[in-house]
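# Observations on the model geometry
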Amino acid sequence: MDVRKDAAVADDRTRRARHRMQEPPEPDEELMRALYREHAGPLLAYVLRLVAGDRQRAEDVVQETLIRAWKNAGQLNRATGSVRPWLVTVARRIVIDGHRSRKARPQEVDPSPLEVIPAEDEIDKALWLMTLSDALDDLTPAHREVLVETYFKGRTVNEAAQTLGIPSGTVRSRVFYALRAMKLALEERGVRA
């Protein structure tokens, strides 16, 4: 008889332990459907005004609000009166939290437009300048002077003539022969002008 009594006590303890380990009962599905039917439309209209008409964002906020209502169904059942003020407060707080989180981190930038912009190759530019400088060194000092004054410093023929202290006709003549000599010097270096 003692064995039966011990077995009964053990069964009772096992049953109580299982009962304690069971999860709390699920919120009433019908209650959640009723909340959605009664409050989703007006809540969506309210949230649309808060998010400046962004429907997708408003729907996300309403969904999150109803999920929080589902998680707090026990409190909602005990509440007296309408649930809508609670839902509106939760929705407003979700919108505010979303706004604050977007302000707290820098705005993300799409890198795809940067891929379209051609980047100037600095190596090509450096090689071109080295070739040009080398070709200029092949010219006579008089020809190099007029090209530097007219092409690189951007002076007119008359301004270059005044700077160099020579007649403007001489500047024109030297520019003509300097450009011919420069073209030949660049062709020798593999540059087609």
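A brief look at the structure comes next. (Residues numbered from 1 in each chain as written. Predicted model: local features only at pLDDT ≥ 70, side-chain atom pairs only at ≥ 80, totals over all residues. Heavy atoms only, no water.)

Moving on, we come to the packing of aromatic side chains. Taken as a whole, this structure holds one aromatic pair when the rule is applied. With centroids separated by 5.1 Å and ring planes inclined at 80 degrees, the aromatic side chains of phenylalanine 176 and tyrosine 177 adopt a geometry described as edge-to-face. For phenylalanine 176, a relative accessible area of 46% gives the class partly exposed. (Phe/Tyr/Trp six-rings, centres within 6.5 Å; stacked < 30°, edge-to-face > 60°. Buried < 20%, exposed > 50% of the residue type's maximum accessible area, 1.4 Å probe, protein only.)

Before going further, it helps to spend a moment on the packing of helix α2 (residues 29-50) against helix α3 (residues 55-71). Packing of α2 against α3 brings their axes to within 9 Å, and their N-to-C directions diverge by 145 degrees. You can see that α2 and α3 cross each other, and the crossing is right-handed. On α3, the residues touching Met32, Leu35, Tyr36, Ala40, Leu43, Leu44, Val47 and Leu48 of α2 are Arg55, Ala58, Glu59, Val61, Val62, Thr65, Leu66, Ala69 and Trp70. Across the contact of α2 with α3, the residue classes tally to 14 nonpolar, one polar and two charged. (Axes fitted to C-alpha atoms, helices over the stretch in contact; angles between N-to-C directions. Helix = DSSP H or I, 4+ residues; strand = E, 2+ residues; numbered from the N terminus. Left-handed = near helix turned anticlockwise from the far one by under 90°. Contact = heavy atoms within 4.5 Å. Nonpolar A, V, L, I, M, F, W, Y, C, P; charged D, E, K, R; others polar.)

Our focus in this paragraph is the pattern of salt bridges. Counting across every chain of the model gives six salt bridges. Across the salt bridge formed by arginine 55 and glutamate 59, the nearest N and O atoms sit 3.2 Å from each other. Residue arginine 55 and its partner glutamate 59 are both found in helix α3; the two are separated by four residues, about one turn of the helix. Using a relative accessible area of 46% as the deciding quantity, one classes arginine 55 as partly exposed. As a salt-bridge pair, arginine 189 and aspartate 134 come within 2.9 Å of each other at their nearest N and O atoms. Note that arginine 189 is positioned in the segment after α10 (168-188) and aspartate 134 in helix α7 (residues 122-138), a separation of 55 residues in sequence. Under the relative-accessibility criterion, arginine 189 is labelled partly exposed at 27%. Given the relative accessible area of 38%, aspartate 134 is considered partly exposed. (Salt bridge = Lys/Arg side-chain N within 4 Å of Asp/Glu carboxyl O.)

Attention shifts here to the nonpolar core. Core analysis: the largest hydrophobic core is formed by 18 residues, its most contacted members being Leu35, Leu43, Val47, Val61, Val62 and Leu87. The set of elements that each furnish at least two residues to this core consists of α2, α3 and α5 (84-104). If one sorts the elements of this core by residue count, α2 sits on top with six residues. Grouped together as the second largest cluster of nonpolar side chains are 15 residues, Ala160, Val175, Ala178 and Ala185 included. (Core = buried A, V, L, I, M, F, W, Y, C linked by side-chain atoms within 4.5 Å.)

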